[in-house]
Amino acid sequence: MRLYVYVLEGRDLCVEDCCVKIQVGKFKSKTRVLRGSNPVWNEEFAFRVHDMGDELIISVLHHDNDSGFFNSGNELVGRVRVPVSAVLAKETHSLPPTWFSLEGPRSGKFISKEYVLFHIHEIELPQAGKILLTISLHGSAQDTTIDHPLYAHSSAKTRDLKEREGPVESQDVVSSTTSTRKVPEGKQLMKAIASRLEKLLGKNEEPSKMDDTSETSSIPSDYEDCIEEQPPLSCSFQETIETMQSRNSEQEMPENLQGGILLDQTYIVSSKDLNMLLFAPNSQFRQGLAELQGTTNMKEGPWTWKSGDLSCLTRVVNYTQAATKLVKAVDATEEQTYIKVDGREFAVFVSVSTPDVPYGNSFKVELLYKIMPGPELSSGEESSRLVVSWGMSFSQNTIMKGMIEGGARQGLKESFDQFANLLAQKFKTLYPIDSLDKDQMLATLETEQQSDWELAIKYFWNFTVVSTFFMVIYILAHILLSVHGEPQGLEFSGLDLPDSICELITCGILVIQLERVYAMILHFVQARFQRGSDHGVKAHGDGWVLTVALIEGINIASLDSTGLSDPYVVFTCNGRTRTSSVKLQTHDPQWNEILEFDAMEEPPAVLDVEVFDFDGPFDEAASLGHAEINFLKHTSTELADMWVSLEGKLALSSQSKLHLRIFLDNNNGVETIKEYLAKMEKEVGKKLTLRSPHRNSTFQKLFGLPPEEFLISDFTCYLKRKMPLQGRLFLSARIVGFYANLFGHKTKFFFLWEDIDDIQVHPPSLSSVGSPLLVIILRKGRGLDARHGAKSQDEEGRLRFYFQSFVSFKVASRTIMGLWRTRTLTPEQKAQIAEEQQDEDVISLILEDPGSVFNVENANMAKVYSAELPIDIKSLMQMFDGGNLEHRIVENSGYLNYMATDWETVKPDLYERRLCFRFNRHVSVFGGEVTCTQQKSPIGNDNGWILKEVMTLQDIPFGDHFRIHFRYQMESSGLAPGKCRCDVYMGILWLKSTVFQQRITRNITQKFTSRLKEIIELVEKEALLNCPQDTEIVPP
């Protein structure tokens, strides 16, 4: 059996420095030495009992630091003997917290079994002092709290208790009832104590050797170190918080954990009330959050005092996390600890362990809740700011570390999104603290840079330089003091050689030292020229401005044997780079530099970071680690203060990290987005409109994107996997996303445009149900978060996504291809395209001006048709009046969805209308859409009409490269009444050059010449067979 002994405190001891020795049989152990006549130990011990006849001997010893070498440093003050059988005879096999009188070393007084059982409340006070003990022979209870420290804070109040030994009344720190406990009530208390120790020590229990001195628990007690004041025996959670406030009011607010910030929000509520809502026992908010997240079996332990250097409150919360797609429901344990309480500011550290998950025993998730007063409001209401950061603590290294951190980050982000939404229902939010004030945060980095002299002194103040300096001075002094002698040996006038081996060695050492100093000077000068001209350079232009504050680095790897490196950092974003200064001979560099990228037209998606070791301007720099920061996977709050872990063999072995503050701003507001969409219209060949704020917000919440992301277009389609899945494909400035919801089973993923390696179009097939396929292939190692949506992975390790059954495949594929090309072009290619677009702007202005669209010289047009028709001019013009004849003609000519507007007067004797139709497959295999603009004007003396037409072909190859112009000249024949003459001219206006220009011109001329002849013959036939239904064409 095990005997658990809890040494709590002593009272009225006659010595200053003392400790307690505990002995059971041959096993012994000792507490730490404390100063004062009323020491508080709060230490726990466990002993294996082999004989129920053994005694528990508690000895208080005086520790003398001044004792000699041969003298013992411990002097007996008093002793208490308790038979183990006396504890076993108790109904609960335990004694509650009990004051025992210390007997002097000569009294020899013994506490019998019967005395303990029947007279334990009637022991008189001794002169040597008293000691408070709790003894238990077994532990099987469930309650794990002991609350003695709440009534033991004041020695003055303790003396007000009844001067007798006996059980001390014990209560939970958050109990709101006042009741005096009797001796039998120690049952639950001792069960709690024994259960805790059984849980902590029982798993690793090993047989003890006879020569073992003791079995001591290494786990601190739930008791807290006593201080001067004792609160009432009954106190609420709020009163307990006030008690802790009096203890550690000078404690500083801890820094955010290195994993990042999960929540940073200001609420219109006092910090005290917010703390009560989040951490008070049986909080309704916690219960509501558990229901929302599907958490079950939630059990909150009471708040208890925890021993340590500082007084703090702690409690344990057990619950079962809801199952996810990847992990089944698992049990979790949270240990919540208050580490800062001062009435206005609160900090709670939470350690979460989930041993049932894969590798669960190798890590713990850590959370830090910081509640601070918010800004003052004009209404007089109080506000408070809640910041929640996270981190991970690994007890052992594992190759799955990166995957574990990624999964934890994603799970915590989703969990605290629900947390924030529920909390926003309780209290009104003031405003999001995205990155505090950018200028305010960057202002802290505007520290005065060290001068070159200060850096030189720091760099050159080492043994090599100092020893070389003194050697040179010594030798120069020797030269000045030496007398010129006669040449010896092989010396001659002007050549003085070393006269001994020692002189030769001295010269060699001096040369080596001078060479090393010269190399250091050269290295320092080169590093100063490489100090980073990008620091402090302000960004230019309007658009998306990226600002990176490089603060510091820790554990930067080194290639040198000295363990120190000369690191500098290169940042790359959208093809542009910024470089920091070089920090010499350090593994924990301090930069405090601000680097700004010039304004960009499109929002950046990733920032590449790489640390190099500077070896000189002409030497290839060695990489010490690299990282990629995805702006879409981090909130602006996280980017505003983050630690970035570097990748690479050297960086991983050294656990290198960089401290960054990143800000992405749009300094031109919505105009930047409009200009970007206008630019994209030229690439995709369709009108792009700015979506509504509600639509953009829904899109952002769907994929968990930052607020600056905006939707460009979306299409209904099928995702082809084993079975086609109908959903919607979303295209934004930085991502391609897919979402589907089939009977409540949601599928969603997204990847970056930069992740795409190739886009292919596969022709219709039987497997695609007659629909063409759009295949998006990602680069190797990219888009791993979206791999569940990929149909396959090729031999190169690239993910392949198949999309089909678009409503308009041509529009969707052209839009996707255009956006992808724009995101993947280099800055040089973009500059070349910009120059080409300047030339095209002149043509676009012509096309946008309805008055000049028809100003094409006849010299550019050729006659493609001419005929004398046996119908009058009135009948011929019916093919352009929008009546029944025109519709019959276009239907028989293979035009689909034909629509025409009415003629409108543009100028006197000038009329205009617009047409829209599609070619059927017999006319064009592409079935392109056609838009036309027609203008007509009468010839002098009303003898005929001239009609001009501009035709635009869409959804066909190179359709945006040209426009087709027609000119119809129709006149009445003066020689034969009832007849007319019709001449048709055609020309092509090229907007963009292409190598297929001649082939396209020849094909269009042949096709439209034959089509015009067929159409006019149909008009002639219809006019001769049918009686004219319209009299005369009267212009509107």
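Residues numbered from 1 in each chain as written. Predicted model: local features only at pLDDT ≥ 70, side-chain atom pairs only at ≥ 80, totals over all residues. Heavy atoms only, no water.

### Notes on the sheet that holds strand β26 (residues 657-666)
The antiparallel open sheet is built from four strands, whose spatial order is β22-β19-β26-β25. Either end of the sheet is taken by a strand with one partner, and the two such strands are β22 (590-600) and β25 (642-645). Averaged over all adjacent pairs, the angle separating strand axes in this sheet is 30 degrees, with direction ignored. In the sheet, strand β19 (residues 544-554) pairs with β26 via 10 bridges, with the strands oriented antiparallel. Paired with T547 across the strands is F663, a residue of β26. (Pairing = 2+ DSSP bridges. Helix = DSSP H or I, 4+ residues; strand = E, 2+ residues; numbered from the N terminus. Axes fitted to C-alpha atoms, helices over the stretch in contact; angles between N-to-C directions.)

### Digging into the packing of helix α20 (residues 884-892) against helix α21 (residues 997-1025)
For the pair α20 and α21, the least separation of the axes is 10 Å and the interaxial angle reads 135 degrees. Put simply, α20 runs oblique to α21. Judged by the sense of rotation from one axis to the other, the crossing of α20 with α21 is right-handed. Contacts between α20 and α21 involve L885, R888, I889 and N892 from the first element and I1015, L1018, V1019 and E1022 from the second. Across the contact of α20 with α21, the residue classes break down as five nonpolar, one polar and two charged. (Parallel < 35°, antiparallel > 145°, perpendicular 65-115°, else oblique. Left-handed = near helix turned anticlockwise from the far one by under 90°. Contact = heavy atoms within 4.5 Å. Nonpolar A, V, L, I, M, F, W, Y, C, P; charged D, E, K, R; others polar.)

### Quick look at a nonpolar patch on the surface
The grouping of F469, F470, I473, L476 and I479 at the surface amounts to a nonpolar patch, some 520 Å² of accessible area in total. F470 gets classed as exposed once you look at its relative accessible area, which sits at 53%. (Patch = residues over 30% accessible without salt bridge, like charges linked within 9 Å, V, L, I, M, F, W, Y side chains within 5 Å. Areas by Shrake-Rupley, 256 points an atom, 1.4 Å probe, with all protein chains shown as cover. Salt bridge = Lys/Arg side-chain N within 4 Å of Asp/Glu carboxyl O. Buried < 20%, exposed > 50% of the residue type's maximum accessible area, 1.4 Å probe, protein only.)

### Remarks on the environment of V670
With respect to the secondary-structure elements, V670 resides in helix α15 (residues 670-684). Judged by its relative accessible area of 38%, V670 falls in the partly exposed class. Along the sequence, V670 and L690 sit 20 residues apart, while their C-alpha atoms lie 9.3 Å from each other.

### Comments concerning the confidence of the model for the chain
In the predicted model, the chain carries a mean pLDDT of 77, and 77% of its residues have values of at least 70. Taken together, the stretch residues 67-72 has pLDDT below 50 and engages in two contacts with residues farther than four places along the chain or on a different chain. Residue range residues 107-126 is modelled with pLDDT below 50. Its contacts to residues more than four positions away, or to other chains, number 42 contacts. (pLDDT = per-residue confidence, 0-100.)

### Section: the sheet that holds strand β24 (residues 622-630)
Strand-to-strand pairing in sheets goes through backbone hydrogen bonds, with the strands running parallel or antiparallel. If you walk across this open sheet you meet the four strands as β21-β20-β23-β24, and the pairing is antiparallel. Edge strands, defined here as strands with exactly one partner in the open sheet, are β21 (576-579) and β24. For this sheet, the mean angle separating the axes of adjacent strands, direction not counted, is 20 degrees. Strand direction decides the pairing type here: strand β23 (residues 606-613) and β24, joined by eight bridges, are antiparallel. Looking across to β24, one finds that E610 is bridged to H626.

### Description of the packing of α15 against helix α17 (residues 809-824)
Closest axis-to-axis distance for the α15/α17 pair is 8 Å, and the angle between their directions is 120 degrees. Relative to α17, α15 is oriented oblique. In this structure, α15 crosses over α17, and the sense of that crossing is right-handed. Two secondary-structure elements touch here, α15 through Y676, K679, M680, E683 and V684 and α17 through R814, T815, G818, L819, R821, T822 and R823.

### A look at the pattern of salt bridges
On inspection of all chains with the given rule, the structure shows 29 salt bridges. Taking the shortest distance from any N to any O, the salt bridge between E601 and K679 comes out at 2.6 Å. With a gap of 78 residues between them, E601 in the loop between β22 and β23 and K679 in helix α15 connect regions that are remote in the sequence. A relative accessible area of 21% places K679 in the partly exposed class. Among the ionic pairs, R798 bridges to D794, the shortest N-O distance being 2.8 Å. When salt bridges that share partners are traced, they join D757, R779, D794, E796 and R798 into one network.

### Section: α15
A rise of 1.5 Å per residue sets the reference length of α15, with its 15 residues, at 21 Å; its end C-alpha atoms lie 21 Å apart and thus fit the reference within 8%. Of all the positions in α15, only T672, I673, Y676, L677, M680, E681, E683 and V684 are classed as buried. (Expected span 1.5 Å × (residues − 1).)

### Observations concerning the nonpolar core
Judged by nonpolar contacts, the single largest core of 66 residues is most densely connected at L546, F571, L607, I629, I662, F801 and F803. With six residues, α17 is the single largest residue contributor to this core. Ignoring anything within four residues of it in the chain, the contact list for I662 reads L546, T547, V548, L607, I629, F631, L639, A640 and M642. Core analysis: the second largest hydrophobic core is formed by 47 residues, L262, V330, L386 and V388 among them. (Core = buried A, V, L, I, M, F, W, Y, C linked by side-chain atoms within 4.5 Å.)

### Digging into helix α7 (residues 284-293)
Buried within α7 we find F285, R286, L289 and A290. Down the axis of α7, the buried side of the element spans an arc of 140 degrees, and every buried residue falls inside it. Facing away from the buried side of α7 by over 90 degrees, the exposed positions are Q284 and E291. Those residues of α7 that are buried lie in contact with α6 (271-279), β11 (296-300), β16 (363-373) and α8 (401-426). Looking one or two residues past α7, G294 carries a phi angle of roughly 75 degrees, positive in sign. (Arc of directions from axis to C-beta.)

### A few points about unusual backbone geometry
Even without being a glycine, N297 presents a positive backbone phi close to 55 degrees. Along the chain, N297 falls in strand β11. Assessed through its relative accessible area of 57%, N297 is described here as exposed. The residue N555 is not glycine, and still its phi comes out positive at about 55 degrees. If you trace the backbone, N555 turns up in the loop between β19 and β20 (567-573).

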